[in-house]
Amino acid sequence: MSRLNRFEQEVEEEIQEEIEIEQIQTSDENEFEVDFLECEKRHVFLLLMFVGGFYGAFTYSIRGGVFCNAQTANFVMLAMSFGTGNWQKGLYYFVPISAYLLGTIVSEALPNPIKKHHLFRWDTILIGIEIAAVLFLGFLPESTPFQITQITINVITSMQYNTFRQARGIPMATTFCTNHVRQLGIHIVKAYKHRKDQSVRSRALLHLGMLAIFALGGMISAYLCTVFQGKAIWFTLLPLGFIFIQLVYADLYKEKEVFDRIPKGH
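Caption draft 1: Structural detail: the overall build of the protein chain. Within the protein chain, the regular secondary structure consists of 11 helices and 2 strands. Written out in order from the N terminus, the α and β elements of the protein chain read α-α-α-α-α-α-α-α-β-β-α-α-α. When the 266 residues of the protein chain are sorted by exposure, 41% land in the buried category. The long-range share in the protein chain, meaning contacts at least 24 apart out of those at least 6 apart in sequence, stands at 76%. When the accessible surface of the protein chain is summed, it comes to about 15,000 Å², and 64% of that surface belongs to carbon and sulfur atoms.

Caption draft 2: Quick look at the packing of helix H2 (residues 42–62) against helix H8 (residues 146–163). Direction vectors running N to C along H2 and H8 enclose 160°, while the axes themselves pass 11 Å from each other. Classified by the interaxial angle, the pair formed by H2 and H8 is roughly antiparallel. In this structure, the crossing between H2 and H8 has a hand that is left-handed. Judged by residue contacts, Leu48, Tyr55, Phe58, Thr59 and Ile62 of H2 engage Phe146, Thr149, Ile153, Ile156, Thr157 and Gln160 from H8. The residue makeup of the contact of H2 with H8, split by class, is 7 nonpolar, 4 polar and no charged.

Caption draft 3: Structural context of H2. If you check H2, its first and last C-alpha atoms are 30 Å apart, about what 21 residues at 1.5 Å a residue would give, namely 30 Å. Of all the 21 residues making up H2, 15 are buried; the element is thus mostly covered by neighbouring parts of the structure. Taken from the residues just after H2, Gly64 is the one with a positive phi, measuring 100°.

Caption draft 4: A nonpolar patch on the surface, seen in detail. Together, Tyr223, Val227 and Phe228 make up an exposed nonpolar region whose accessible area comes to about 340 Å². Turning to its location among the elements, Tyr223 is positioned in helix H10 (residues 198–228). The class of Tyr223 is exposed, set by a relative accessible area of 55%.

The rules behind each value
- Residues numbered from 1 in each chain as written.
- Predicted model: local features only at pLDDT ≥ 70, side-chain atom pairs only at ≥ 80, totals over all residues.
- Heavy atoms only, no water.
- Helix = DSSP H or I, 4+ residues; strand = E, 2+ residues; numbered from the N terminus.
- Buried < 20%, exposed > 50% of the residue type's maximum accessible area, 1.4 Å probe, protein only.
- Contact = heavy atoms within 4.5 Å.
- Areas by Shrake-Rupley, 256 points an atom, 1.4 Å probe, with all protein chains shown as cover.
- Axes fitted to C-alpha atoms, helices over the stretch in contact; angles between N-to-C directions.
- Parallel < 35°, antiparallel > 145°, perpendicular 65-115°, else oblique.
- Left-handed = near helix turned anticlockwise from the far one by under 90°.
- Nonpolar A, V, L, I, M, F, W, Y, C, P; charged D, E, K, R; others polar.
- Expected span 1.5 Å × (residues − 1).
- Patch = residues over 30% accessible without salt bridge, like charges linked within 9 Å, V, L, I, M, F, W, Y side chains within 5 Å.
- Salt bridge = Lys/Arg side-chain N within 4 Å of Asp/Glu carboxyl O.

Pasting the structure below:
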């Protein structure tokens, strides 16, 4: 065998070795199909976005005419109240702001201690808490002060927003629309500049889908509130229950081997 032929054979063997190593690594990565955890799946975020839209319309329609999913409006109202000398009204806005802050603190502090028990992840427990909160709110008489519902939704939407951060590696909010509108605009321009890049178009459609599902949740909420009043919120038990069952199954069986894996964005 000539020196050239021997060199070519050695190169081929090295290439074959590298291919085999890559195949083994790929096999290991896909063994549990957990490149993304169940809590990072896009359908989970779409369902939570629907719930977020439902909450927004629910509190605005029949629980005081306010949006509890985010706090920008409360800061504006606080500033306006102080600016016009209405100190008592302005001080009240510290209540929903503090409730939202509490939800963030709780959802940031609890995941690691809970995970050490190796039973359920924090995201699973949060959905369970959200289901319990929705049941509680549905049982409240119509004469109950609106603030109870508002503060409860302040807390759970804060925890939801802070816990579910990325859908398959893409940053996502599940309780309000502002960032989705921004991202949609960005990716429309990118799609125009890079017409052959299918991934850019997919990102734009994903954010458009999030906006559409949020609006759908709001539309259904507004209608159901006219029919069922406060008990309309129980409709969210359908998507929340579906998510909860999937997350429980993932924690106990599907993702048991990778329980310590941290969702992206945390």
